[in-house]
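# Examination of the molecular architecture
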Amino acid sequence: MLPPDQFLDIFRTACAAGHFLKCTLGKPTDAAPEELKNIYLRPVTLKAGPRIAFTYRYRTRDEVKNFTHDEAASQLKALLGIQFLNADLFSAETDASLAFSKTGKAVFSTKKPANSAPPDTRHDRKKQRLLDPAAPWLHALGITNKQGIVLPTAQDKWKQINKYLEIIESLLRTHPLPTDARIADMGSGKGYLTFALYDFLTNRLAMQPQVTGIELRQNLVDFCNQTAREAGFDGLRFVAQDIADYRPERLDMLIALHACDIATDLALATGIHARAGIVVAAPCCHKQVRRDMATQNELAPVLRHGILEERQAEIVTDGIRALLLEANGYKTSVFEFISTEHTAKNVMITAIAGSGKAGGQQAAALEKVAALKAGFGIREHYLERLLRT
Ligand SMILES: C[S@@+](CC[C@H](N)C(=O)[O-])C[C@H]1O[C@@H](n2cnc3c(N)ncnc32)[C@H](O)[C@@H]1O
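All values reported here derive from a predicted model rather than from experimental measurement.

## Some details on the domain arrangement of the chain
Splitting the chain by domain gives domain 1 (3-111) and domain 2 (136-388). Taking only C-alpha atoms, the centre of domain 1 and the centre of domain 2 are 40 Å apart. Elements represented by at least two residues in the side of domain 1 that touches domain 2 include exactly strand E2 (36-46) and strand E4 (62-67). If you tally residues by element for the side of domain 1 that touches domain 2, the top one is E4, at four residues. Residue composition of the side of domain 1 that touches domain 2, by class: three nonpolar, three polar and three charged.

## Overview of the site of the ligand
Taken together, 19 residues form the shell around the ligand, and within it Gly 187, Gly 189, Ile 243, Leu 257 and Ala 263 come nearest. Where the shell around the ligand is concerned, the elements lending two or more residues are helix H5 (192-204), strand E9 (210-215) and helix H7 (262-273). Looking at the shell around the ligand residue by residue, the class counts come to twelve nonpolar, four polar and three charged.

## Let's talk about the sheet that holds strand E5 (residues 84-91)
Read across the open sheet, the seven strands follow the order E4-E3-E2-E1-E5-E6-E7; overall the sheet is antiparallel. One side of each edge strand has no neighbouring strand; the edge strands of this open sheet are E4 and strand E7 (106-111). Taking each pair of neighbouring strands and ignoring which way they run, the sheet shows an average axis angle of 15°. Across six bridges, the pairing between strand E6 (residues 95-100) and E7 is antiparallel. Bridge pairing links Ala 99 to Val 107 in E7. Sitting on the sheet, helix H2 (residues 69-79) is in contact with strand E1 (20-28), E2, strand E3 (49-58), E4 and E5, with an inclination near 30° to E3.

## Some details on the confidence of the model for the chain
Summary statistics for the chain give a mean pLDDT of 90 and a share of 94% for residues scoring 70 or more. For residues 123-127, every residue scores under 50 in pLDDT, and the model assigns this stretch seven contacts once sequence neighbours within four places are set aside.

## What to know about the sheet that holds strand E11 (residues 253-257)
Spatial ordering of the open sheet is given by E10-E9-E8-E11-E12-E14-E13, a layout of seven strands whose pairing is mixed. Among the strands making up the open sheet, the edge pair consists of strand E10 (236-240) and strand E13 (330-336). Strand after strand, the sheet turns through a mean of 15° between neighbouring axes, direction not considered. Pairing geometry for E11 and strand E12 (residues 278-282), over five bridges, is parallel. Residue pairing in the sheet places Met 253 in a bridge with Ile 278 of E12. Contacts between H5 and the sheet are confined to strand E8 (182-186), E9, E10 and E11, with E9 contributing the most and set at about 175° to the helix. Those strands touched by helix H9 (residues 306-327) are E12, E13 and strand E14 (347-353), and its axis lies near 155° from that of E13.

## Brief notes about helix H6 (residues 218-231)
Residues spaced three or four apart along an α-helix point in a common direction, a consequence of the helix completing one turn every 3.6 residues. For H6, built from 14 residues, the straight-helix expectation of 20 Å at 1.5 Å per residue is met to within 8% by its first-to-last C-alpha distance of 20 Å. Of all the residues in H6, the buried ones are Val 221, Cys 224, Thr 227, Ala 228 and Ala 231. With its buried residues spanning 130° around the axis, H6 presents them on a single face. Looking at H6, the residues exposed on the side facing more than 90 degrees away from the buried face are Gln 218, Asn 219, Asp 222 and Gln 226. On its buried face, H6 sits against helix H3 (136-140), E9 and E10. Positioned one or two residues after H6, Gly 232 has a phi angle of 75°, which is positive.

## A few points about the nonpolar core
Counting residues in each nonpolar core, the largest one holds 76 residues, and the members touching the most others are Ala 196, Leu 254, Ile 255, Ala 256, Ala 267 and Val 279. When residues in this core are grouped by element, the largest group, eight residues, is from H5. Discounting residues that sit within four places of it in the chain, Ala 267 has contacts with Met 186, Gly 187, Ile 243, Leu 254, Ala 256, Ala 259 and Ala 281.

## What about the packing of H9 against helix H10 (residues 359-376)?
Axis separation between H9 and H10 bottoms out at 8 Å; the angle between their running directions is 155°. With respect to H10, the element H9 is oriented roughly antiparallel. Seen along the crossing, H9 lies across H10 with a hand that is left-handed. Contacts between H9 and H10 involve Val 316, Gly 319, Ile 320, Leu 323, Leu 324, Glu 326 and Ala 327 from the former and Gln 362, Ala 365, Leu 366, Lys 368, Val 369, Leu 372 and Phe 376 from the latter. For the contact of H9 with H10, the residue count by class is ten nonpolar, two polar and two charged.

## A closer look at the environment of Leu 89
Following the sequence through the fold, Leu 89 ends up in strand E5. Using a count of 23 C-beta atoms within 10 Å as the deciding quantity, one classes Leu 89 as buried. Separated by 69 residues in the primary sequence, Leu 89 and Phe 20 have C-alpha atoms spaced 8.1 Å apart. Sequence-distant contacts of Leu 89, that is, excluding residues within four places in its chain, are made with Phe 7, Ile 10, Phe 11, Cys 23, Asp 95 and Ala 96.

## Quick word on helix H4 (residues 155-174)
When the terminal C-alpha atoms of H4 are compared, their 29 Å separation across 20 residues agrees well with the 28 Å that a helix rising 1.5 Å per residue should span. Among the residues making up H4, those that are buried are Lys 157, Gln 160, Ile 161, Tyr 164, Leu 165, Ile 168 and Leu 171. Across the axial projection of H4, the buried residues extend over an arc of 130°, all falling on one side. For H4, the exposed residues lying more than 90 degrees away from the buried face are Gln 155, Asp 156, Glu 166, Ser 170, Arg 173 and Thr 174. Of the surrounding elements, those touching the buried residues of H4 are H5, E12 and E14.

Conventions and cut-offs
- Residues numbered from 1 in each chain as written.
- Predicted model: local features only at pLDDT ≥ 70, side-chain atom pairs only at ≥ 80, totals over all residues.
- Domains from an automatic or database assignment.
- Helix = DSSP H or I, 4+ residues; strand = E, 2+ residues; numbered from the N terminus.
- Nonpolar A, V, L, I, M, F, W, Y, C, P; charged D, E, K, R; others polar.
- Near = placed C-beta within 6 Å.
- Pairing = 2+ DSSP bridges.
- Axes fitted to C-alpha atoms, helices over the stretch in contact; angles between N-to-C directions.
- Contact = placed C-beta atoms within 7 Å.
- pLDDT = per-residue confidence, 0-100.
- Expected span 1.5 Å × (residues − 1).
- Buried ≥ 20, exposed ≤ 12 C-beta atoms within 10 Å, placed from the backbone.
- Arc of directions from axis to C-beta.
- Core = buried A, V, L, I, M, F, W, Y, C linked by C-beta atoms within 7 Å.
- Parallel < 35°, antiparallel > 145°, perpendicular 65-115°, else oblique.
- Left-handed = near helix turned anticlockwise from the far one by under 90°.

Encoded structure:
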């Protein structure tokens, strides 16, 4: 058997036995597409069954395609010695290498496996990194250096991105979205979390979502669109628009992270009106309720201290947001997004449609809102007004 066939034989056997862990193709030839540096193969389990994910790493972007085992073997056959001179395969049974010289002579070798644990092909596996720090867009956004190492100045942002993806992963595990989910990220800013979400959904969950970042600042929108183009993120786009004017035809998931003051309410109202299946909001400054607050209840003597009134206003603002989501049929959770050590804006509200309180319980949520408003002397929460229209 010729060396490439020996390599393919090990690949096919490892895939069939469920032992295949990963394979890396390196040393691209002139026949490889321009700027393609490596291809990484790993097993994944999709709804359609087991597949091999090929990550094509270009100089500034990644592309991922999933193949059946037979298709993957055919792809490999067409690449080995033609577009790539090196291939290293790792399986729980055997590791194998194939190396071509410039003259086309192939050398095949095997050795004991470096890792004998069976592959974990779940998309939601905990050990798996949710985001590859070598992703070129992270460098474009100033999170990593050219070598894909997170910069010391970006450590907090990196932690926040990863925590965010853990939350999204956990939400999607219990409430999967359609593969072609329509997602809006309102107040997307420089796009760190929008890019992270898109990368995670496409590269880790093999989804084909349409993600739209809505952002007032044109310069950020232009920068993000250019970075998305360079990253090859076809389903990610940014529009320069006020959240108040954004009316999506279909919305499966609404994201609003640190959207200032009532921009969070504008986003939540859009999500509720569009019946988004999942809502994820991390509120930012809370001015509207605090401006109105004239506390009538037993907390009045405590809230004469400005800092305490400010904190109470935040709690009441977000508490009423959660209740209004519940009054509209959502099941909500409010929790710490990321510890205050990393950012002061650390509360997250998540809501799942359809599984929330029905009928009488929705009315009860509204009664609680009314009682809170009376106790804190609030005429109106801005989200209430938006939900009336
Ligand atoms: C604090 S940044 C947060 C950016 C990003 N979501 C994050 O968490 O990293 C808030 C962004 O929301 C944008 N914004 C505020 N009000 C908006 C509105 N009404 N419509 C669109 N964008 C808005 C601001 O321009 C700003 O870039």
